Every structure is written in C-alpha cells, then in structure tokens.
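For reference, the chains in residue letters:
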Amino acid sequence: MEQSIQKKFPVGDGSWITVDVYGDPDAPGLVVVPGAMSDALGWRAVATAVDAWPSVAVVNRRGRAPSGPMTAAYSLRTEVADLGVVLDGLGGARTLFGWSYGGLIALLAADERPLRQVIAYEPVIRPFGLDVLPDLKAADEAADRDTAVEIVHRRIAGLDKPVVDALRADREAWEALRGLAAPLYAELAALYGEPAPDALARRADRVDLIVGGASRGTAPYGTSFEDVARRVPAAEVHELPGQGHMAHLQGPAELARLLEGLAAAR
C-alpha cells in the first residue's frame, strides 16, 4: 500500500482531524492512532508494510499539521470523541491500533463503543511523566520547544546527551521534533485531568497489548505498560523482541509483521 489519500473530518470547536488512508478508502480496515511526539507521516513505513487489512488509516491527531488546533477545552475525552468522529466517518474499523498515548486513547474508545479488536503498543497512563510535568509546563508557557524536545528525549526516553546532541545537529529533523512538541504539555497534562479508570476496553471483543523487548519491566514505558495491562486482564500480551518504544521508526517491518500476525488471530 504505497499510495495514500487524505480525508478530513470536522470535530467541532473550530478544529478538524485529517487521516491518511492507504489501500481501499471505502473499506474499513486497520485504524492507527499515533501518540505524542508523532504524526501520521511517522507511521508511513508501518502503514505501507501492512497488507492484512484492505485499508490502513493513520489518524493525524489535533495539534499537528495538517489537522486543526488543540482548543482550550482539550482533554483525553476530546481525543476519544475525535476518534469516534473518525471511526464513524471511515465507516468503522476492523481493528483499532494505538501507540503510546494513542494506545490509551484507543483503549478508552473501546469503553465507549463496541470494537472487534483493539491493539495497543506500550500504552501509557498516569503516573507516566508526572516528574517532568512542571518543567514541560514552564517550557510550554515560554514557547520553548527546544527544551520540551530535550525533556522528552533525555528525561522520559532516557537518551544520552550525545544522542540528543546528534539529533539537534540535524536541523531538519530537530525542527520536525520542535513542531511535534507544540501539543506535548497539553497531552501529558490530559493524563491527569481525571482519575485513571479501573478498567479499559470493556466493549472490545479482543484486546492485544504489545511491549517491546527492550522496554519490558523497565521505566517508564515498561512499567506504564504493566499499569495498563492490569486494567485489561483479558488481554493477550505480546512482546516485540529487540525493540523499544520507537519500534515504528526503528523496526517498522518487524512491527508490521506482528500486527499482521494478530490480524490472522482474530
């Protein structure tokens, strides 16, 4: 599925969501919900490698171009409502897949509507990111995107300073990261806008949770994964060997193969 078309869905409050659709745009298939510091373009390699569904639709969540602004009333419920608009506009989904913050959104959506299958790769939930929230707020108020990107990569992802310095040296890549950081504080703060639910995805027929082998059992992604898994006791848990949180960029072919295997298990 090399080529895509873009669909646009108004979601109220003067905002809108765009979706990149690969394959048959009229056939419900796999719907992908990226997380923070990610957009639809970042999932192209995975989307084009998957053939198990007639279509792969990648949501470009609000706050990242060419989708619309976050709006003042933004919350996790806003994200779930946006996803509902997208699913209705696409005519449904055979499988809903979310990564990181997008994984939580997908699992929450499966509490509000029946879904055949939900897959989440290292979904996050509170207390994820609580320690950096005040500094991200300060960076957001100062519109200091450089500091926000550094906080994500150094203090959340745990990358060494030379790795982050190398990223910064690539001006095009760093500028893209700065753009993705614009909605970051609002997204992380949304985890704390309401109490964490005791259970997730209660209206899904099947739930598959994926953790990277490099993340399993380690903070912050592996421990947050465990916090989510406890809330979905009926879920099947799968490990993607040798991969961490950024599998869609570092191992897209491996992730695509795992997703196709889960499609066959439906």
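Above this text you will find the structure in question.
Overview of the structure.

Thoughts on helix α11 (residues 252-264)
Stage number 1. Spanning 13 residues, α11 covers 18 Å between terminal C-alpha atoms, matching the ideal 18 Å at 1.5 Å per step.
Stage number 2. Those residues of α11 that fall on the buried side of the exposure criterion are Pro-252, Leu-255, Ala-256, Leu-258, Leu-259, Leu-262 and Ala-263. In an axial view of α11, the angular spread of the buried residues amounts to 160°, which keeps them on one side of the axis. Exposed residues pointing more than 90 degrees away from the buried face of α11 are listed as Arg-257 and Ala-264.
Stage number 3. Tucked into the core, α11 has its buried residues touching α1 (44-49), β5 (95-99), β6 (115-121), β7 (204-212), β8 (236-240) and α10 (247-250).

Remarks on the packing of aromatic side chains
Stage number 1. Summed over the entire model, instances satisfying the criterion amount to three aromatic pairs.
Stage number 2. Centroid distance Trp-43 to Phe-97: 5.7 Å. Interplanar angle 70°. Geometry classified as edge-to-face. Here Phe-97 lies in strand β5 and Trp-43 lies in the loop between β3 (30-33) and α1, a separation of 54 residues in the sequence.
Stage number 3. Plain terms: the ring middles of Phe-128 and Tyr-221 are 5.6 Å apart, the flat faces sit at 40° to each other, and that makes the pair tilted. Here Phe-128 is found in the loop between β6 and α4 (133-141), whereas its partner Tyr-221 is found in helix α9 (residues 221-229), with 93 residues between them in sequence.
Stage number 4. Grouped by ring-pair contacts, the aromatic residues Trp-43, Phe-97 and Trp-99 constitute a single cluster.

Quick notes on the environment of Arg-155
Stage number 1. Structurally, Arg-155 can be placed in helix α5 (residues 145-156).
Stage number 2. In this structure Arg-155 comes out as partly exposed when scored by relative accessible area, which is 41%.
Stage number 3. For the pair Arg-155 and Asp-131, spaced 24 residues apart in sequence, the C-alpha separation works out to 9.0 Å.
Stage number 4. Here Asp-135 takes part through its side chain, which lies 2.6 Å from a polar atom of the side chain of Arg-155.

Regarding the packing of helix α6 (residues 161-169) against helix α7 (residues 171-181)
Stage number 1. Direction vectors running N to C along α6 and α7 enclose 100°, while the axes themselves pass 5 Å from each other. In terms of orientation, α6 lies roughly perpendicular with respect to α7. Contacts between α6 and α7 pair Val-164, Leu-167, Arg-168 and Ala-169 from the former with Arg-171, Trp-174 and Leu-177 from the latter.
Stage number 2. Class assignment for the residues of the contact of α6 with α7 results in five nonpolar, no polar and two charged.

A word on unusual backbone geometry
Stage number 1. In this structure, Pro-127 follows Arg-126 across a cis peptide bond, with omega equal to 20°.
Stage number 2. Inspection of the secondary structure puts Pro-127 in the loop between β6 and α4.
Stage number 3. Going from Ala-219 to Pro-220, the amide bond is cis rather than trans, its omega being 0°.
Stage number 4. As for its placement among the helices and strands, Pro-220 is situated in the loop between β7 and α9.
Stage number 5. At Glu-122, a residue that is not glycine, the phi angle is positive and equals roughly 45°.
Stage number 6. Along the chain, the position of Glu-122 falls in the loop between β6 and α4.
Stage number 7. Judged by its relative accessible area of 0%, Glu-122 falls in the buried class.

Some remarks on helix α2 (residues 76-90)
Stage number 1. A rise of 1.5 Å per residue sets the reference length of α2, with its 15 residues, at 21 Å; its end C-alpha atoms lie 21 Å apart and thus fit the reference within 8%.
Stage number 2. Among all positions of α2, only Leu-76, Thr-78, Glu-79, Val-80, Asp-82, Leu-83, Gly-84, Val-86, Leu-87 and Leu-90 are buried.
Stage number 3. Its side-chain oxygen placed 3.2 Å from the backbone nitrogen of Arg-77, Ser-75 serves as the N-cap of α2.
Stage number 4. Two residues or fewer past α2, Gly-91 is found with a positive phi of approximately 80°.

Quick word on the packing of α5 against α7
Stage number 1. As a packed pair, α5 and α7 sit with axes 9 Å apart at the nearest point and diverge in direction by 90°. Between α5 and α7, the interaxial angle falls into the category roughly perpendicular. Counted together, Arg-145, Asp-146, Ala-148, Val-149, Glu-150 and His-153 of α5 and Trp-174, Leu-177, Arg-178 and Ala-181 of α7 form the full contact between these two elements.
Stage number 2. Grouping the amino acids of the contact of α5 with α7 by side-chain chemistry returns five nonpolar, one polar and four charged.

Observations regarding the sheet that holds strand β2 (residues 15-23)
Stage number 1. Spatially, β1-β2-β4-β3-β5-β6-β7-β8 is the arrangement adopted by the eight strands of the open sheet, whose pairing is mixed. Looking at which strands have only one partner, the edges of the open sheet turn out to be β1 (4-12) and β8. Looking at each pair of strands side by side, their axes are set apart by 20° on average, direction ignored.
Stage number 2. In this structure, β7 lies alongside β8, joined through five bridges in parallel fashion. Within the sheet, the bridge partner assigned to Asp-208 lies in β8 and is Glu-236.
Stage number 3. Lying on the sheet, helix α3 (residues 101-112) is in contact with β3, β5, β6 and β7; it crosses β5 at an angle near 145°.

About the criteria used
Residues numbered from 1 in each chain as written. Predicted model: local features only at pLDDT ≥ 70, side-chain atom pairs only at ≥ 80, totals over all residues. Heavy atoms only, no water. Helix = DSSP H or I, 4+ residues; strand = E, 2+ residues; numbered from the N terminus. Expected span 1.5 Å × (residues − 1). Buried < 20%, exposed > 50% of the residue type's maximum accessible area, 1.4 Å probe, protein only. Arc of directions from axis to C-beta. Contact = heavy atoms within 4.5 Å. Phe/Tyr/Trp six-rings, centres within 6.5 Å; stacked < 30°, edge-to-face > 60°. Polar contact = N/O pair within 3.5 Å; in protein donor to acceptor, adjacent residues only side chain to side chain. Axes fitted to C-alpha atoms, helices over the stretch in contact; angles between N-to-C directions. Parallel < 35°, antiparallel > 145°, perpendicular 65-115°, else oblique. Nonpolar A, V, L, I, M, F, W, Y, C, P; charged D, E, K, R; others polar. Pairing = 2+ DSSP bridges.

Purely geometric stuff here, so don't read any function into it on its own.
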